[in-house]
Amino acid sequence: MKMIDLTHMITEDMPLYPGMLAPQLKPQPLGGGYPCREKTLLLMSHTGTHCDAPAHMLADGATLDQLPLQQFFGLAMLFDVSGYRGRRIEAELFKAAEDKLKYAQFAVLKTGYDKLWGSAAYFDGYPVLSVEAAEYLASLGLQGVAVDAISIDDEREADSYPIHNILLGAGMIVAENLCCLDDIAGDRFLLSLLPLKYIDADGSPLRAVAFEAPAGIYYPA
């Protein structure tokens, strides 16, 4: 089975959501004659390719460590939304694919913005779900929504984060800053979004991975 890495590299000069602290990756000498290498890693919980727990936005929401392991793995359906730059993604796109989407655990939005990683344009005009689209996806019982952009919300709505609140309020996880979705053949694949296992986790960097899944094994042809 082909595996595709959907994860941006963590570096000290990587793009960050406004206000976040840059990661630090510092080599540490062990001393005592030990022939080893180690680093001190200082990362915010939403650095780079990461997922949000319901607790990221909701006072009574679950943290990642409270969610079952299966929440982070399942069948994903890929939606090419690159044509929605600068505007909202409407619910009709997802309703038209309901016969396929009903078998999925994740909806993955391919904006194409991973190609802008490292530039100022990465933060400008990325496609965002409409409220109706978010509510529709939340009604399907999905485990999560993932996107290859800096956020599932328009940065200009950072005072309210309406899309985060709808999706996380439905018990879903949200994964952001994916990459390499163009490398996936077809519109359905297995998706792994396993987070770090730490206590009271509001979010976590991920090693996001796609597994190309043959029709007839994990879903109807």
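Predicted, not measured: the structure shown is a model, and the values here were computed from it.

When you go through the protein residue by residue, the secondary structure sums to four helices and 13 strands. In terms of overall dimensions, the protein is globule-like: its C-alpha atoms have a radius of gyration of 18 Å, near the 17 Å expected for 221 residues. In terms of overall dimensions, the protein has a C-alpha envelope of 65 × 40 × 35 Å along the principal axes. The proportion of buried residues among the 221 residues of the protein is 48%. Look at the contacts in the protein between residues 6 or more apart in sequence, and 75% of them connect residues 24 or more apart. When the accessible area of the protein is evaluated, it comes to approximately 10,900 Å², of which 54% is carbon and sulfur surface.

F79, F94, L109, L129, I152 and L167 are the most contacted members of the largest nonpolar core, which has 37 residues in total. Listed by contribution, the elements that provide at least two residues to this core are strand 5 (73-80), strand 7 (106-110), strand 8 (128-129), helix 3 (131-139), strand 9 (144-147) and helix 4 (162-169). Ranked by the residues each element gives to this core, the list is headed by helix 3, at four residues. Among residues more than four places away in sequence, those in contact with F79 are L93, F94, A97, L101, A107, V108, L109 and K110.

Let's shift gears to the packing of helix 3 against helix 4. For any two helices packed against each other, one specifies the crossing angle of their axes together with the interaxial distance. Where helix 3 contacts helix 4, the axes come no closer than 9 Å and their chain directions differ by 10°. Taken together, helix 3 and helix 4 sit at an angle that is classed as roughly parallel. Packed against helix 3, whose contacting residues are V131, A134, E135 and A138, the element helix 4 presents I163, I166 and L167 at the interface. Taken together, the residues of the contact of helix 3 with helix 4 break down into six nonpolar, no polar and one charged.

Attention now moves to the sheet that holds strand 13 (residues 209-212). The strand order across the open sheet built from nine strands is 1-13-11-5-7-9-10-4-12, with neighbouring strands paired in mixed fashion. Both outer strands of the open sheet, strand 1 (3-5) and strand 12 (203-205), are each paired with one neighbouring strand and no more. Here the average twist between neighbouring strands, direction ignored, is 25°. Of the pairings in the sheet, the one linking strand 5 to strand 11 (residues 188-192) comprises five bridges and is antiparallel in character. The partner of A76 across the bridge, within strand 11, is F189. Across the sheet, helix 4 lies against strand 4 (50-52), strand 9 and strand 10 (173-176), angled at about 135° from strand 10, the strand it touches most.

With that out of the way, let us pick up the packing of aromatic side chains. Counted according to the given criterion, the structure contains five aromatic pairs. Here the aromatic rings of F73 and F211 are separated by 6.2 Å at their centres, their planes lie at 65°, and the arrangement is edge-to-face. Note that F73 is positioned in strand 5 and F211 in strand 13, a separation of 138 residues in sequence. With relative accessibility at 18%, the residue F211 sits in the buried group. Following the ring pairs from residue to residue traces out a cluster consisting of W117, Y122 and F123.

Definitions and cut-offs
Residues numbered from 1 in each chain as written. Predicted model: local features only at pLDDT ≥ 70, side-chain atom pairs only at ≥ 80, totals over all residues. Heavy atoms only, no water. Helix = DSSP H or I, 4+ residues; strand = E, 2+ residues; numbered from the N terminus. Rg over C-alpha atoms; globule rule 2.2 N^0.38 Å. Buried < 20%, exposed > 50% of the residue type's maximum accessible area, 1.4 Å probe, protein only. Contact = heavy atoms within 4.5 Å. Areas by Shrake-Rupley, 256 points an atom, 1.4 Å probe, with all protein chains shown as cover. Core = buried A, V, L, I, M, F, W, Y, C linked by side-chain atoms within 4.5 Å. Axes fitted to C-alpha atoms, helices over the stretch in contact; angles between N-to-C directions. Parallel < 35°, antiparallel > 145°, perpendicular 65-115°, else oblique. Nonpolar A, V, L, I, M, F, W, Y, C, P; charged D, E, K, R; others polar. Pairing = 2+ DSSP bridges. Phe/Tyr/Trp six-rings, centres within 6.5 Å; stacked < 30°, edge-to-face > 60°.

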